[in-house]
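Report on the structure
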Amino acid sequence: MDAQVFGDRLLDEKGILVCHGDCFFVPHSFRITLSHADRLEEGLALIDEFIEENA
């Protein structure tokens with residue numbers, strides 16, 4: 001799946017915002033922030049769930 005599509009669908013379907021790697025000239029990747037470290041585990045679990053659903 002294209003990184004931009006991945007990011008858009010992840011936000012729409014799971015409410016998780018990531019920056020697709022194309023913004024940093026690193027296609028097929030994404031970046032996350034740790035600004036809300038207390039919710040990191042929950043967010044990572046939702047990303048994992050999204051990947052599993054779309055594998």
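All of the points below concern the structure found in this document. All figures in this text were calculated on a predicted structure; none of them were measured in a lab.

Turning our eyes to something else, we now look at the overall build of the protein chain. Secondary structure summary: the protein chain contains 2 helices and 2 strands in total. The C-alpha radius of gyration computed for the protein chain amounts to 11 Å, which stays within 12% of the reference 10 Å derived for 55 residues, consistent with globular compactness. The C-alpha extent of the protein chain, read off along each of the three principal axes, is 30 × 25 × 15 Å. Of all 55 residues assigned to the protein chain, the portion counted as buried reaches 22%.

F6, L10, I16, V18, I47 and F50 together form the largest nonpolar core, which totals 6 residues. Put simply, the parts of the chain that give this core at least two residues each are α1 (3-14) and α2 (40-53). When sequence neighbours within four positions are dropped, the list of residues in contact with V18 reads F6, G7, L10, F30, R31, I32 and I47.

Turning next to the side chain of H20. Structurally, H20 is set in strand β1 (residues 19-20). Taking relative accessible area as the criterion, H20 reaches 16% and is therefore assigned buried. Filtering out sequence-adjacent residues up to four positions away, H20 remains in contact with A3, Q4, S29 and F30.

Rules used in this analysis
Residues numbered from 1 in each chain as written. Predicted model: local features only at pLDDT ≥ 70, side-chain atom pairs only at ≥ 80, totals over all residues. Heavy atoms only, no water. Helix = DSSP H or I, 4+ residues; strand = E, 2+ residues; numbered from the N terminus. Rg over C-alpha atoms; globule rule 2.2 N^0.38 Å. Buried < 20%, exposed > 50% of the residue type's maximum accessible area, 1.4 Å probe, protein only. Core = buried A, V, L, I, M, F, W, Y, C linked by side-chain atoms within 4.5 Å. Contact = heavy atoms within 4.5 Å.

Any functional reading would require information beyond the geometric quantities listed.
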